[in-house]
Structure formats: structure tokens, C-alpha cells
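Fold and geometry: a report
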Amino acid sequence: MRLPDSVNVLLLGGGGREHTFACKIAQSRRLSKLYIAPGNGGTAELGSNVDLSAANLAVLKCFIVSQHINLVVVGPEEPLVRGVVDQLRDDPDTHLVPVIGPTAKGAALEGSKDFAKAFMMRHNIPTAAYRSFTDVAQGEAFLETLAPPYVLKADGLAAGKGVSIVGTLPEAKSELAAMLGGRFGEAGSRVVIEQYLNGIECSVFVATDGANYKILPVAKDYKRAGEGDTGPNTGGMGAVSPVAFADETFMERVCTRIIKPTIEGLRSEKIDYKGFIFIGLMNVDGDPYVIEYNVRMGDPETEVVLPRVKSDVVELFEAIAYGGLDRYELEISPDTAATVVCVSEGYPGEYAKGSPVTGLADVEKSLVFHAGTTLKGGSPVTSGGRVLAVTSLDATLEGALAKCYESIGRIEYQGKTFRADIGRDLLKYNR
């Protein structure tokens, strides 16, 4: 089976990742119509924003049928964890429409960190030692057996903010009590405590049809709000790709020890997985360890990964949906991509909304992906904590970063905030 020559695509999501996907889909020679639900101020220029939610399954199914949708691409994790793939597949009106994303069982790799860690243990995939707790006293006792720093993770989805790394035992105990006490709601009803790994992080992205896989460009993101990797965790303040320390030897180890056992593990457990796997890795003296799985593309890593993909992305989706990914030719640009995220003042805490965004027409050297904007009177205004991701490509990392910051200087909105040190830690690898 294959998609028709002219494809109607429904893209679910409304952040920077989805704007980036929309840009690549819009470039496809196979595209007929593109709908983005709900979309944002940037996606509106590439297709039709649709005011519908994946949580409203009846409306979603009706739209797919009425608009003759041939392909559904799921951007964020929450619909996947809630089983949108299963629900569309089980309905006689939509069961033939391919959906890019895993079933709920596969999405548990992100929906439950406890499930993911147990999966890794079952398939001998290297990861930090861990235990999971629902009881504060038992968790505190385990913390007392560990050396600092301490890593605590809310088991469920917490919008990328459910991980805490603290330096002292009293801080760790306080954090454990806060998590189990409801800081992250149901997501924190179970807490995973794991051994701290000392190394440097990177993100590996894999597209799979359930049997075959392709490795997309490797990236490194920056989660902390403050420069020098200080302050609270955020959804991401920037990213770069490629990553010089993820060399050929390291990636061979990633393939052998992590990617292949992951794909084989999913198959052996009869988990139907057609989509993307984000593997958060720690490079510990040249050896890769899995920090986490995500069951979709990352954000803001997508903003540097997809701009480097030169192949037709709709044809990539076709290979994922119907098999034969081993025959798909993935062409990657050798250029370096960097993205710097402009956020609202106060993010990831409280922040204002509704500020007009100006200067976008003056940006000449970068791609600007909208993350938290909406249209008011036809013009973009801020609507989220992460407002824009400014992406640039260049032959060198230095050149890409210079373009990003020059472009950011042309953009204005009230409370514009960004990190001025994205990618600076990697420059030593490029000398």
C-alpha cells in the first residue's frame, strides 16, 4: 500500500515542532492540502489552522472523514499516550487512514518512566540504575544509599519539567515529598529515583516502521532557563545539530547497544510502533546510556533536525506507515543548524500574553518557527512561554549561531528573553 499521489495531511499540535513539520510538509511535491490542529500564528501561513482537539475524538474523526484526510501526523506526546492511534485505528470510518505515531502501549515509553526503565532492563539497554516509589519514607531510605547529586523524575507526563537534579540529600528529600505531594499532579504519583550519570547529553532521533529504522540528525538541546545551564528546567531554550562529540565510534555503539535492542524489544513484545523515537542519551567517556525515551520528535530539537533533512518528508511518512523504510533514501545536509528559543519573561513560571510580535519581516538569515503565538487582527501576538525558535544554518556552528543572534535582534515583543550561550559549550569540539 502507499499514499495517493496527492495527499491531504492533518498535523496535530500547535508548537514550534509542528510549525517546523508544517514547513517540511508544505515543501513536499506530494502535498495537496495541509491542516494543522490547532496550529499557531506561523502555521497559518502554510496551511489551514483548525480549531479542534485530539481529545475530542468524535470531532476529530468527523474532520478526517469530511476533509478526505489521507495521513495524520501526531506532533505532541499527550494524544499518543492517551491512545489516539488506537482509537482512530479501531473506528471503521478511519481505520484505513495511517497515523504517524505509536499505539498507547508503545507511547508508554514516554508516558511512564517506570515502564521505560523496566523495558530497558528487560532488553539489556544501558541506562542508570534506578528504583520507583510511591511512598515518601521508602524513597527517602533509598536516597540515603546514593551519592550526590540526586536525580528524581515524575513518572508521567509533566511537559518536560518533571525532572529534578539536586545536590544535597535534604534537597532531594524535600523534592521527593513535593513530587509525591502533588506538584505534578497525577504525573508525580510515582517517582523514579536514579543514579546520576556524569557526561554530556545528546538526542538521537529514529524513524521506524516497526521493523526497519533510519537515524535522523543527532542534536543537543538546552533545557535550563539560565545561561551556563542554571535555573529551572524548561521545555527547551535552544538546540544544535550535528553534535561533534557524537562521532562515528559513538554512534556505532548507539546503534548496537541501544537502537537495535529497542526496535527488537518493541517487536518481541508485540508493540506496534510506526513513528519517531527520541532517545535522550548521556555520553559517559564514550559509552552511551539512555536517559529517557520520547515517542515523538523533540522540541526544540525538531527545529534543527528537520531543516537538515533534504528528502521529501511526506515520502518518509509513507515509508513509516506502510513499511519499506529500509528503501527510503534519507538525504542530510552537511550544514550545522542552531536554534535559539525566544521566551516570555518569567518562563517557565508565570508570564504575560498578548504582546505584539514585530520585526519578523526583517529577518533575512534565519528561519523563524512560531511556538507560542496566535493571530490577532491578522498579526502575531504572544500566547505561550516559548514564543519563537530562531533557526539558522551555516557551514560552521559559529556562523549558524551568529545568524541566530543577529536575527533575534530584529524581533521585538514585550518581555523577550533568550539565552545568549546556546551552543557555546560545543565550540571547543569544532576547533
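Provided above is the structure to which this section pertains.
Residues numbered from 1 in each chain as written. Predicted model: local features only at pLDDT ≥ 70, side-chain atom pairs only at ≥ 80, totals over all residues. Heavy atoms only, no water.

**Thoughts on the pairing of strand β20 (residues 373-376)**
Here β20 runs beside strand β21 (residues 379-382); their pairing, made up of four bridges, is antiparallel. Paired with Lys376 across the two strands is Ser379, which belongs to β21. Taken together, β20 and the strand that follows it, β21, pair antiparallel across an intervening segment of two residues, in which Gly377 is found at a positive phi of about 65°. (Pairing = 2+ DSSP bridges. Helix = DSSP H or I, 4+ residues; strand = E, 2+ residues; numbered from the N terminus.)

**Overview of the packing of helix α7 (residues 136-143) against helix α8 (residues 169-183)**
In contact at an axis separation of 10 Å, α7 and α8 are set at 155° when each is read in the N-to-C sense. With respect to α8, the element α7 is oriented roughly antiparallel. For the crossing formed where α7 meets α8, the hand is right-handed. When α7 is examined against α8, the residues Val136, Gly139, Glu140 and Leu143 are found in contact with a partner set consisting of Leu169, Ala172, Lys173, Leu176, Ala177 and Leu180. Considered class by class, the residues forming the contact of α7 with α8 number seven nonpolar, one polar and two charged. (Axes fitted to C-alpha atoms, helices over the stretch in contact; angles between N-to-C directions. Parallel < 35°, antiparallel > 145°, perpendicular 65-115°, else oblique. Left-handed = near helix turned anticlockwise from the far one by under 90°. Contact = heavy atoms within 4.5 Å. Nonpolar A, V, L, I, M, F, W, Y, C, P; charged D, E, K, R; others polar.)

**Points about the environment of Phe418**
Along the polypeptide, Phe418 turns up in the segment after β23 (416-417). Note on Phe418: relative accessible area 30%, which makes it partly exposed. Placed 272 residues apart in sequence, Phe418 and Leu146 show a C-alpha to C-alpha distance of 35 Å. Not counting chain neighbours up to four residues away, the residues in contact with Phe418 comprise Glu227, Val340, Val341, Cys342, Tyr405 and Ile408. (Buried < 20%, exposed > 50% of the residue type's maximum accessible area, 1.4 Å probe, protein only.)

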